[in-house]
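Secondary and tertiary structure notes
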Amino acid sequence: MATCMNPVKLAKRSLPLAASCPFSSSSSSNRGRSLLPARPCMGSRAAAGSGDGGGKLTVLVAEEFGQAGLELLRSHAHVVDYSVDLDPEELSRRAALCEALIVSSETKVGKEVFRLSRGRLKVVGIAGFGVDNVDLAAANENRCLVVNAPNASTAAVAEHAIALLTAMARNIARATISVKFGNWQRRKYMGKCLSGKTLAVMGFGEVGSEVARHAKGLGMHVIAYDPYASEYLALAIGVELVSFDKAITIADFISLHMHLTPATRKMLNDETFAKMKRGVQILNVAHGGLIDEDSLVRALDAGAVSQAALDVLLEEPPVRSSELIHHENVIVTPNLGASTFEAQEEVGIEIAEAVIKALKGNLPATVVNEPMVAVEVLAELNPFLDLANKLGRFVVKLIAGRGGLKTVKVTYASAREPDQLDTKLVIVNWVNGDSVAKQRGLRITEERMTLHGSPEYPLEYIQVQIANAESTFASALAKSGEIEVEGRVRDGVSYLTKIGSLEVSVQLEGSILLCIADDQPGLIGKIGSILGEANVNISSMKADRIALHRQSMMISIKVDQQPNEETLKKVRDVPAVQELVFLLL
């Protein structure tokens, strides 16, 4: 769910490998742009010196793969090694002899695969949406592109979600087992009608919106939570966008369709289950890590959650003794969301096209790891990418109301000349943000400010503005009425330097409480006591008087544990506290 607003500013004079950067701010498509111009892979004899035995390209397909995708690969690559069920050692050995590796979510691609390839492996293709099975950091270190196929399986995953939803509501799985054991218990397996019930779709992207369409067709009232969702798309489908708390509080059924990020990991837990309507039913076809599985078992035992239908788990396959798997009120399928003949054929074609495009030296639209730029340039940019990432995640926390993001403006200030910089704003991940932004109905603009001074650093500051949105933190509103945050890099560390019209200095790292309060004796002690009573340890605290309001101060508190809502409410209820926001980075 968390967003990354990452401006890639490249000094062209520092790019010996390319005449221009593949991540320019142009609105044109990526087609034809060179990704690795110094190491052409396909259709060029220049690749012969890369240790591949005379320029021949080999693609290892290590999963069951659609025939159409295989034929597409064979028409472009010299050798397609189609070998499934490889053990980790054999996978690493074979991948070291290839330029491309294709896997699905079943196969782990770790550091050893990239280490043994010694730079020969240029692209890893994931035949599906998820990327959790590939070590992206290791891929970045070894300058290997990672691409996925997020679009082909959308319909199949959405249909599976609806299948699980109806099976859960009508007790189909339990009733089937009962009949097979010779019982005929109609009363015991009385179900619920879906028509007229409220479904909360948590995550309103490709799959989430498709599930919402199907659910509307079943007569359900559909609400959705997604701070990045397009209000226009929601209105077109007839879906109401609401806050997270409202969604989980009023829903009869909750369906998860979010990305797994630090902010969404275990988002359904003891605290959130306690807020839900008693007897709610939970559906997850997205990521196992979204649910605290121990908390779900407790909620099921207590009747707070009446049933759960899970296609994904934290550990796959699960251990035989898993209490969750054996729970009477849980339906489990072995990650079947994209497992249809049609989806697998489409996924095969999509990932084959992406891999071929990458091997030709072009940039696929579905890249999921960092931009492939010169090492020295990326080293210079990394602190600013980190700053932009954190500013983006912070500004999303400041948005209130159901409309979510609509208009985003990012301003880059630099003393470098415009022709020495090339910028790219990326939402959600490093590369394919423009298409995601269009799907979500976001209007994104960029502005460059040229400053006088030393061009030693790529950027002086980054400013992010959100228009037409309410804020949970009133001081974040600038005079223009927009939510505005600004940050700088100091000695390689990201700092928040401005929020709204307030000049601040807050290190953007870890778990942070930001508080604006009246400058009163004993205030910091009161806040510290509240956190201490909740077993939340304070690692550091900083208080600064606000220049515009000498009787107020900005307090930034770094904590080692995430405070729960009850604790945050107690801090907000301290009379001197004007505003409070919690940020997890």
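Scroll up to find the structure this text is about.
None of these values were measured; they are calculated from a predicted model.

**As for the overall build of the protein chain**
If you tally the helices and strands in the protein chain, you get 16 helices and 24 strands. Burial analysis of the protein chain (585 residues in total) assigns 53% to the buried set. Taking contacts inside the protein chain between residues at least 6 apart in sequence as the whole, the part at least 24 apart equals 66%. When the accessible area of the protein chain is evaluated, it comes to approximately 26000 Å², of which 51% is carbon and sulfur surface.

**Looking at the environment of Ile546**
Along the chain, the position of Ile546 falls in strand 22 (residues 538-546). Accessibility expressed as a relative area gives 4% for Ile546, which makes it buried. The sequence separation of Ile546 and Ala517 amounts to 29 residues, and the corresponding C-alpha distance is 9.9 Å. Discounting residues that sit within four places of it in the chain, Ile546 has contacts with Leu502, Ile516, Ser552, Met553 and Met554.

**Comments concerning the pattern of salt bridges**
Taken as a whole and assessed by the stated rule, the structure comprises 19 salt bridges. As a salt-bridge pair, Glu447 and Lys409 come within 2.8 Å of each other at their nearest N and O atoms. Note that Glu447 is positioned in strand 15 (residues 443-450) and Lys409 in strand 14 (residues 407-414), a separation of 38 residues in sequence. Judged by relative accessible area, which is 32%, Glu447 ranks as partly exposed. Here Lys409 falls in the partly exposed class, since its relative accessible area comes to 28%. Residues joined in a network through salt bridges with shared partners are Asp81, Glu90, Arg93 and Arg94.

**A few points about the nonpolar core**
In terms of nonpolar packing, the biggest core is built from 35 residues, with Phe394, Leu398, Val485, Leu496 and Ile499 touching the most fellow members. Those elements giving two or more residues to this core turn out to be helix 13 (375-397), strand 14, strand 16 (461-467), strand 18 (483-490), strand 19 (493-499), strand 20 (502-507), strand 21 (511-518) and strand 24 (577-584). The dominant element in this core, judged by the number of residues it contributes, is helix 13, at seven residues. When sequence neighbours within four positions are dropped, the list of residues in contact with Val485 reads Leu391, Phe394, Val395, Leu398, Ile462, Gln463, Val464, Leu496, Lys498 and Ile499.

**What to know about helix 7 (residues 206-217)**
Taking 1.5 Å of rise per residue, the 12 residues of helix 7 would be expected to cover 16 Å, and the 17 Å separating its terminal C-alpha atoms lies within 8% of that figure. Among all positions in helix 7, only Gly208, Ser209, Val211, Ala212 and Ala215 are buried. For helix 7, the buried positions fall inside an angular range of 155° around the axis, keeping them on one side. On its buried face, helix 7 is in contact with helix 5 (154-169), strand 6 (198-202), strand 7 (221-225), helix 8 (231-237) and strand 9 (253-256). The positive-phi residue at the C-terminal boundary of helix 7 is Gly219, with phi of around 85°.

**Some points on the packing of helix 15 (residues 523-533) against helix 16 (residues 565-572)**
In contact at an axis separation of 10 Å, helix 15 and helix 16 are set at 165° when each is read in the N-to-C sense. Classified by the interaxial angle, the pair formed by helix 15 and helix 16 is roughly antiparallel. As helix 15 runs across helix 16, the sense of the crossing is right-handed. Between helix 15 and helix 16, the residues in contact are Ile527, Ile530 and Leu531 and Thr567, Lys570 and Val571, respectively. Class assignment of the residues belonging to the contact of helix 15 with helix 16 gives a composition of four nonpolar, one polar and one charged.

**Focus: the sheet that holds strand 4 (residues 123-126)**
Strand order in the open sheet made by the five strands is 2-1-3-4-5, with parallel pairing throughout. Two strands in the sheet have a free side with no partner beyond their single neighbour: strand 2 (79-82) and strand 5 (145-148). Strand-to-strand, the axes of this sheet are offset by a mean angle of 15°, without reference to chain direction. As paired strands, strand 3 (residues 100-103) and strand 4 are joined by four bridges and run parallel to one another. The residue bridging Ile102 from the neighbouring strand is Gly125, located in strand 4. Here helix 1 (residues 67-74) sits on the sheet and contacts strand 1 (58-61), strand 2 and strand 3; the angle it forms with strand 2, its principal contact strand, is near 150°. Along the sheet, helix 2 (residues 88-95) contacts strand 1, strand 2 and strand 3; its crossing angle with strand 1, the most-contacted strand, is approximately 160°.

Rules used in this analysis
Residues numbered from 1 in each chain as written. Predicted model: local features only at pLDDT ≥ 70, side-chain atom pairs only at ≥ 80, totals over all residues. Heavy atoms only, no water. Helix = DSSP H or I, 4+ residues; strand = E, 2+ residues; numbered from the N terminus. Buried < 20%, exposed > 50% of the residue type's maximum accessible area, 1.4 Å probe, protein only. Contact = heavy atoms within 4.5 Å. Areas by Shrake-Rupley, 256 points an atom, 1.4 Å probe, with all protein chains shown as cover. Salt bridge = Lys/Arg side-chain N within 4 Å of Asp/Glu carboxyl O. Core = buried A, V, L, I, M, F, W, Y, C linked by side-chain atoms within 4.5 Å. Expected span 1.5 Å × (residues − 1). Arc of directions from axis to C-beta. Axes fitted to C-alpha atoms, helices over the stretch in contact; angles between N-to-C directions. Parallel < 35°, antiparallel > 145°, perpendicular 65-115°, else oblique. Left-handed = near helix turned anticlockwise from the far one by under 90°. Nonpolar A, V, L, I, M, F, W, Y, C, P; charged D, E, K, R; others polar. Pairing = 2+ DSSP bridges.

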